[in-house]
Each structure stands twice: as C-alpha cells, then as structure tokens.
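Understanding the architecture of this molecule
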Amino acid sequence: MRNGRGDRITIALMLGVPALLVLGLVWLPALVTVVLSFTRWDGIGGWDTIEWTGVQNYVDAFTIYPPFQPALSNNLIWLVVLFTVPTVLGMFLAVLLDREMRGGAVYQSIFYMPVVLSLALIGFIWQLIYSRDQGLLNSFLAFAADAPPVDWFGDPDLNLYAVLVAAGWRHTGYIMLLYLAGLKAVDPSLREAAAIDGAGPVRTFTHVVFPALLPINLVVVVVTVIDALRAFDIVWVINRGRNGLELISALVTSNVIGEASRVGFGSALAVIMLLISVVFIVVYVATMLRGARR
C-alpha cells in the first residue's frame, strides 16, 4: 500500500520531532560539554573569553583535585552496593510476586511506591528518619536499647551507607518491576519441561528461567550503572555532596554552577562520568546485537 502525502508528513513529524528534540537536548549539549572540557572558562563572556588548555583539566582532576578520588571511590561503592543488595532483593521480590500470591497487586504497589518519588524527595523523607535529635531511627534505638543518638548524615564514616539504604529503598522497587515484567514474558513451556525433567523450583529458576531473562538482566545492568553514576539529588539535598558524600555528579554541579564557576573543569568531570557509563552501554548494545544475530 502506497502512503499518501499526508501519511508521509505525519510519519516525518512523528520521527523528525523526537529526533530533533534528542539532538537538541541530548547530543548537542553533550558535544558542547566535550568541547568545553578542553578549556578554562568561568561561564561569563563570549567565546573570545575561553582559554584552550588541552587535557589539563583531566590531568588536574586525577592529580590535584582532592574530592575527585573520594567521589570516584564512592561511585564505585554505590554501584557495588546497588548490584549486590537492592538488585538481588528486587529480583527475589519479583519471583515471589510472580507466583500469583494473594494480595500480590497490593504488595506490588507498596514496593513500587518509592519509584514514583524523586531522589530529592526521598532524601527529605529519610532526613526525618535519620535526624540526630528527633529522627525515627534514633528514637527507636533509644527506646529499644537505650543507645545514644547517632549522627547518621553527619558522620563521614556512616553517611554514605545511610544514604545507600535510602537509595536502595527506591532502586529495589524499580528492579522488582523490571524482573516481574520479564518473568511474565517467559514461555511457560520452559518451566513445564523443567518440571517434567524433575527440576525443583530453585534449579528451574537458575538453569532455565534466569538465562531466559538475559535481555532484562542487561537492562538491569545498564539501569543500575546509570543510577549509580547520576545519583545526585539525594546527596545534594543532604549536604551538597560533601563530608563523605562526594559523588562525581555532585562535583560537576558544584564546579559548573557553584561559587567557583569552573565550567571547563566541571565539563571534564562530566565527560569522565559519561565515558564510564558509555563502557557499560556499549557492552549492553553489543550483547543485544550478538543475541539478535543468533
């Protein structure tokens, strides 16, 4: 069937407008950020005020910028914790809810509720829980064990893990939803065949169902990496990413729009964060394309 002129215009608009938005709001700013990462600029004045410095911003980030190494380490800890605790817990909850248990829809809503909240709002909520003087957690510890109050967000040895509990609370519901959708799409005949062969529930999941969830597993990897790298809102709300809560995303913001106004240096930090995420995304795309060829 040949498309008429009106159909061609409609298709062009449906494809062209989103493409222009992506180019204008994602790729163009990303390209400008890469260019600015090789400059020294305070964001004031025209292009003639930009000083080209080559890779000096990258060298400075790794050598003479003290917050960068703790931020890189904290991002790595953030990534490992999200993989090992909320991701596993979310998968476990998805397996339970996939068994058509009574009240499953209610439990899904309860676990998914934090996902619809922004990380900034979650930060405010957990500030009420972790507050040193009037927080719910310290009040419970004082009542149950007569323990002294703990400064959960003020102690640099504790605050990163306290924040990770809050971030993991949200991440668990998201992972649960992804795996639940993947489990619903698994061919029931695979489980029936495993049951006929005498495989128990655990063996069926590990040897049959889990390998069938490869596309979902790859999505979970990418989502978790991106969440670990862009975790900005919650630490910025708590203490602007300082005193033990340094993250690369917070350093980018503090350099670009902070008092220092070092746009070039902040852009270099943003490019480093982009390169880290691109590695995982490239692996994801390559694996998906390899699977599609098979």
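Everything below is about the structure printed above this text.
This text gives an overview of the structure that appears in the document. Worth saying up front: this structure is predicted, and the values here are computed from it rather than measured.

1. Remarks on the environment of Ala-94
On the secondary structure map, Ala-94 appears in helix H4 (residues 86-97). Taking the C-alpha atoms as reference, Ala-94 lies 52 Å from Trp-52; in sequence the two are 42 residues apart. Setting aside chain neighbours within four positions, we find Ala-94 in contact with Met-176, Tyr-179, Leu-180 and Leu-183.

2. Focus on the pattern of salt bridges
Counted according to the given criterion, the structure contains 5 salt bridges. Put simply, Asp-133 and Arg-132 hold a salt bridge, and the shortest N to O gap is 3.4 Å. Given the relative accessible area of 64%, Asp-133 is considered exposed. Between Arg-230 and Asp-227 there is a salt bridge, and its shortest N-O distance comes to 2.9 Å.

3. Looking at the nonpolar core
With 40 residues, the main nonpolar core has Trp-78, Val-163, Ile-234, Val-235 and Leu-269 as its most contacted residues. Residue assignment for this core shows that the elements contributing at least two residues are helix H2 (56-63), helix H3 (68-84), helix H6 (119-130), helix H8 (159-185), helix H11 (214-229), helix H12 (233-239), helix H13 (248-256) and helix H14 (263-293). Every residue in contact with Trp-78, bar those within four places of it in the chain, is listed here: Leu-160, Val-163, Leu-164, Ala-167, Asp-227, Ala-228, Ala-231, Ile-234, Val-235 and Leu-247.

4. As for H2
Taken residue by residue, H2 has Asn-57, Tyr-58, Asp-60 and Ala-61 as its buried positions. Each buried residue of H2 sits inside an arc of 160° when the element is viewed along its axis, so together they form one side.

Calculation notes
Residues numbered from 1 in each chain as written. Predicted model: local features only at pLDDT ≥ 70, side-chain atom pairs only at ≥ 80, totals over all residues. Heavy atoms only, no water. Helix = DSSP H or I, 4+ residues; strand = E, 2+ residues; numbered from the N terminus. Contact = heavy atoms within 4.5 Å. Salt bridge = Lys/Arg side-chain N within 4 Å of Asp/Glu carboxyl O. Buried < 20%, exposed > 50% of the residue type's maximum accessible area, 1.4 Å probe, protein only. Core = buried A, V, L, I, M, F, W, Y, C linked by side-chain atoms within 4.5 Å. Arc of directions from axis to C-beta.

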